[in-house]
Structure formats: structure tokens, C-alpha cells
Amino acid sequence: MTSPYPLGLRLDGRRVVVVGGGAVATRRVPALLDAGADVLLVAPELTPALRAHVNADRLRWAPRRFAPEDLDGAWLVQVAIDDPIAAASVSAVAAERRIFCVRADDRAAATAWTPAVTRQGPVTVAVLGGGDPRRAMSVRDAIRDLLAVRDAAPIRDRPDAEATSAATVGRVALVGAGPGDPELITVKGWRLLTEADVVVVDRLVPGLLLDELRPDVELVDASKIPYGPSRAQEEINQILVDRALAGAFVVRLKGGDPYVFGRGGEELLACAEAGVPVTVVPGVTSSIAAPAAAGIPVTHRGVAHEFTVVSGHLAPDSPASLVRWDALAGLRGTLVILMGLKNLAAITATLIAHGRSPRTPAAVVQEATTGGQRVLRSTLDAVAAEALAADLRPPAVVVVGDVVGALDE
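Given the structure is predicted, the values throughout are model-derived calculations rather than measurements. (Residues numbered from 1 in each chain as written. Predicted model: local features only at pLDDT ≥ 70, side-chain atom pairs only at ≥ 80, totals over all residues. Heavy atoms only, no water.)

K.L.:
So what's going on with the overall build of the protein chain? Residues and values would help.
P.N.:
Looking only at helices and strands, one finds 12 helices and 17 strands in the protein chain. Computed over its C-alpha atoms, the radius of gyration of the protein chain comes to 23 Å, within 12% of the 22 Å expected for a compact globule of 409 residues. Dimensions of the protein chain, computed from C-alpha atoms along their principal axes, come out at roughly 75 × 50 × 40 Å. Here the protein chain holds 409 residues, and the buried ones make up 48% of them. Sequence-distant contacts, at least 24 apart, represent 63% of the contacts inside the protein chain between residues at least 6 apart. With an accessible surface of roughly 19,700 Å², the protein chain has 55% of that area assigned to carbon and sulfur atoms. Counting 42 positive and 47 negative side-chain charges, the protein chain places the centres of these two groups 2 Å from one another. (Helix = DSSP H or I, 4+ residues; strand = E, 2+ residues; numbered from the N terminus. Rg over C-alpha atoms; globule rule 2.2 N^0.38 Å. Buried < 20%, exposed > 50% of the residue type's maximum accessible area, 1.4 Å probe, protein only. Contact = heavy atoms within 4.5 Å. Areas by Shrake-Rupley, 256 points an atom, 1.4 Å probe, with all protein chains shown as cover. Lys, Arg positive; Asp, Glu negative; His and termini not counted. Charge placed at Lys NZ, Arg CZ, Asp CG, Glu CD.)

Laid out in C-alpha cells, this is it:
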């Protein structure tokens, strides 16, 4: 086979067609969106993570099988299906139209390959391993270590307690992926992700992290789309336990921090009961990162000496709510509300009814630390209506308190 010609594609605003809505597409689509591509996704069904992109209007979805006219105006096609006959038919149409085609099922039949990629700020390194994905990954990882300058020895060379687990039983790592920017995962979290045999992900996980997984990794999409379909927590627990008992190293990759409204404690208990060793890797929580990304410190000298983080997924009058909204209204510090956009009107009304000033500064930060970040600044009495009028959507973090304007000049 001749050597491939390396090339960086500038896809901003250009049509890219992805055929397939499963795990491979879930891994590849975020990088295309990050490149600014106009993505058309053709598949009868989608994973919850891909559906979240559709719901957020990041791409267009044709809920059916591939048709030749789907390639009208396309610059690139990614075939992300494992049916060789169907994949061959797509690549045949692409060849007729002289459109480069990436095939997940057969690299030899493809006219373009997806390289192993590492990103360090403005630097993107893409490695082709002569058709061997493992070789490409190995070289990519070595380059990433060189780019990530560290004073100490590389962390992968240090002894690790969790690496001593018995070979007959796998292990689970609960890894916080951070608030949205893929570079905000911890070094240890990223290292464990590159070592994983199975990765179980949520909707809020930075999509570009999935683009860097080894090609043989089993990707399990356990996305929980707000107020939409969700996979039962018990099923997720069972997936972690079953894969680990079969000898796999499983990374449960969760947005933010595993223990901040992430149900990481339930997953740890399930693994412990089954005798599966667990490592917990904390993550950067959006309760602090989202305000920071919007220029809002959750504490500030002379303004706020405390901050409280609560879940707003239940309305204040819900019998199942464990939050004392009346007590929170009497606090002078910062209130950070996660998962509260749907109930924001009821929450703000309750806080005002129990004594919090209607003119208290408030802000909503949508999709913090990502290219889709939006910030709305308002007051407690108006923020719910203004967030609705601005069509803000989850994930969003609400901040209430004088810190909202603490850094304003």
C-alpha cells in the first residue's frame, strides 16, 4: 500500500456527511463540529449523545437510511456503520463524485483515514500509523507527553496503587471530565481514559475526549438528557460491574465531578458490593467553573464569605425536594443552582417570598467553557423570564448573589 498524503482539512462551513448514529459516530462527530463543519447525520436511530447535538441545533439529522443525494454538496463523508455492504455502497457513491470517504469498517477500502489526534491549545498533532491504529495511538501519546511540559517525571511512569488489582478481576475508575472544555480534565483522568477497555459516558462529557480513545475501546453511551429518555441508574451500575468482573478496566466518565450531583457514590457502592475495586478521580465541577468562566468569582473579599451549591431539578414545592429554600433565602453569600433552569421561576419566587431581595444580582451561564457558552446577567426577580426569552437551555448554571457584579469595572 502506498503512503497516505497528510493533509489538514479546513471544514468550517463545509458539508460533511456522517452515515451512522452509533458509537463510532458519537466519537467522530464532536471533532467535526469543533472544526466548524456543516454536519449532516444520516441514520434511522441515534445515540442519546448525538440526539443532544441535534436538539441543540449543532447538526442536521436525516432519520433514515443513506440515499445518494445525501452527498450533494459534500466535501467529506464519514461512514460509521459496521455493515460492509451498506458501507461499500456509500463509498461507491462518494468515489463517483470524487468525495473523500472515511470508513470505520474497512480502512483498506477507504480513500481517507482518521488519524490519532492530540490537541494542546492551538497545536493539533495528527498521527497516521500506516494502517495500524495502535501504532498511531502509541506515537500520539508519546507526542502528547512531550507537549505537556512537566517538571516531574511523566505520570504514566509512576507506580499506581490501582494498577495492582488482581488480573482476574478488572477495575473501575470514576473520572470527572470537567465542565465542558476537553483540556479541563485532570492529567490522571486523561491517562486512565487512554488505558481504558470500556468507557461509559454521559451527555455532558466533552465530545473531543472520545475522539482520542483507542479504536478497540467499547464505548457505552449512558447519556441522560434532561427531561428526556434516560438509562436507569441500576443498569449503569450493572454495566460497570459486569464489564469489570469480566476482567476489563472500565472508566465511568462523567461531566464535572463524579460526586457533585453525579451519582458517583451509588456507582461506587454497587462496585464495592460486587467486589470490584474503584478509583475516584475528582473533576472540575461546573458549580465553580461555570461562574469563573463567566467572570464571576463564587467568593470575593468583602462581598461573599460563603457559597452554597444546590440542585434545582425538583421544584421547591415538590415533596421529594431535600432543599430548604426558605433557609437559603436568608443566607448572605453566593447561591449556585445546578439543573435548575426548568424550575427557575418557582425557585426565584420562593427565594423572594422568604426574604431574598428581588434586586439581588443573578446570572445564568449556559454550556460553560465551551464554544457554545452564553452568559445572561440579570436580577433575581427578572432572571427566569429573561432566561426564557433568551432561549437558554441546559446545561446551565444559575448564580445568585452580589458576586455576579463583583468584578465589574
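What follows continues from the structure just given.
K.L.:
Can you lay out the sheet that holds strand β10 (residues 218-221) for me, pointing to particular residues and giving the numbers?
P.N.:
Read from one edge to the other, the open sheet built from 5 strands follows the order β10-β9-β11-β8-β12, with strand pairing classed as parallel. A single partner strand is all that each edge strand has here, and the edge strands are β10 and β12 (278-281). Taking each pair of neighbouring strands and ignoring which way they run, the sheet shows an average axis angle of 15°. Inspection of the sheet shows strand β9 (residues 198-201) paired to β10 by 4 bridges, in the parallel sense. Of the residues in β10, the one forming a bridge with Val200 is Val220. (Pairing = 2+ DSSP bridges. Axes fitted to C-alpha atoms, helices over the stretch in contact; angles between N-to-C directions.)

K.L.:
Please provide a residue-by-residue account of the layout of surface pockets, values included.
P.N.:
What the second largest pocket holds in volume is close to 1,500 Å³. Forming the walls of the second largest pocket are 48 residues, and the residues nearest its centre are Leu7, Gly8, Leu9, Trp113 and Pro115. Elements represented by at least two residues in the lining of the second largest pocket include exactly α1 (23-34), β4 (74-79), β5 (100-103), β6 (116-120), β7 (123-127) and α6 (207-210). Residue composition of the lining of the second largest pocket, grouped by class: 28 nonpolar, 8 polar and 12 charged. (1 Å grid on protein atoms, 1.4 Å probe; cavity = no way out; pocket = protein on both sides within 12 Å on 5 of 7 lines; lining within 4 Å. Points joined across faces, edges and corners; volume = space filled by probe spheres on them. Nonpolar A, V, L, I, M, F, W, Y, C, P; charged D, E, K, R; others polar.)

K.L.:
Describe the pairing of strand β11 (residues 249-254), listing the residues and the values that go with them.
P.N.:
Within β11, 6 of the 6 residues are buried, which leaves the element mostly enclosed by the surrounding structure. The side-chain alternation of β11 yields two buried faces, one formed by Phe249, Val251 and Leu253 and the other by Val250, Arg252 and Lys254. Here β9 runs beside β11; their pairing, made up of 4 bridges, is parallel. Considered in β11, the bridge of Val200 is made with Arg252.

K.L.:
Residue-level account of the pattern of salt bridges, with values.
P.N.:
All chains considered together, the criterion is met by 24 salt bridges. A cluster of three or more residues bridged by salt bridges with shared partners is formed by Arg28, Arg119, Asp211 and Glu212. (Salt bridge = Lys/Arg side-chain N within 4 Å of Asp/Glu carboxyl O.)

K.L.:
Any details on a nonpolar patch on the surface? Residues and values, ideally.
P.N.:
A cluster of nonpolar side chains, namely Tyr5, Leu7 and Leu9, defines an oily patch on the protein surface of about 410 Å² accessible area. The residue Tyr5 is located in the segment before β1 (15-19) in this model. (Patch = residues over 30% accessible without salt bridge, like charges linked within 9 Å, V, L, I, M, F, W, Y side chains within 5 Å.)

K.L.:
Now, about the sheet that holds β1: what can you tell me, with residues and values included?
P.N.:
In spatial order, the strands read β3-β2-β1-β4-β5; together these 5 strands make up an open sheet with parallel pairing. In the strand order of this sheet, the two ends are held by β3 (60-62) and β5, each with one partner. For this sheet, the mean angle separating the axes of adjacent strands, direction not counted, is 20°. Two strands pair when backbone bridges link them, and β1 and β4 are joined in this way by 5 bridges, in the parallel orientation. By the bridge assignment, Val16 is partnered in β4 with Leu76.

K.L.:
Break down helix α11 (residues 344-353) for me, citing the residues and quoting the values.
P.N.:
Three or more residues of α11 are buried, namely Leu344, Ile347, Thr348, Thr350 and Leu351. Buried residues of α11 fall within an arc of 160° about the axis and therefore sit on the same side. In this structure, the buried residues of α11 make contact with α10 (325-329), β14 (334-338), β15 (361-366), α12 (383-389) and β17 (396-400). One or two residues past the end of α11 sits Gly355, with phi positive at roughly 115°. (Arc of directions from axis to C-beta.)

K.L.:
Break down helix α5 (residues 187-195) for me, with residues and values.
P.N.:
What α5 keeps buried is the set Gly189, Trp190, Arg191, Leu192, Leu193 and Thr194. Of the surrounding secondary structure, the elements contacted by the buried residues of α5 are α4 (133-147), β8 (171-176), β9, α6, β11 and β12.

Everything listed here is a matter of geometry and, on its own, says nothing about what the molecule does.
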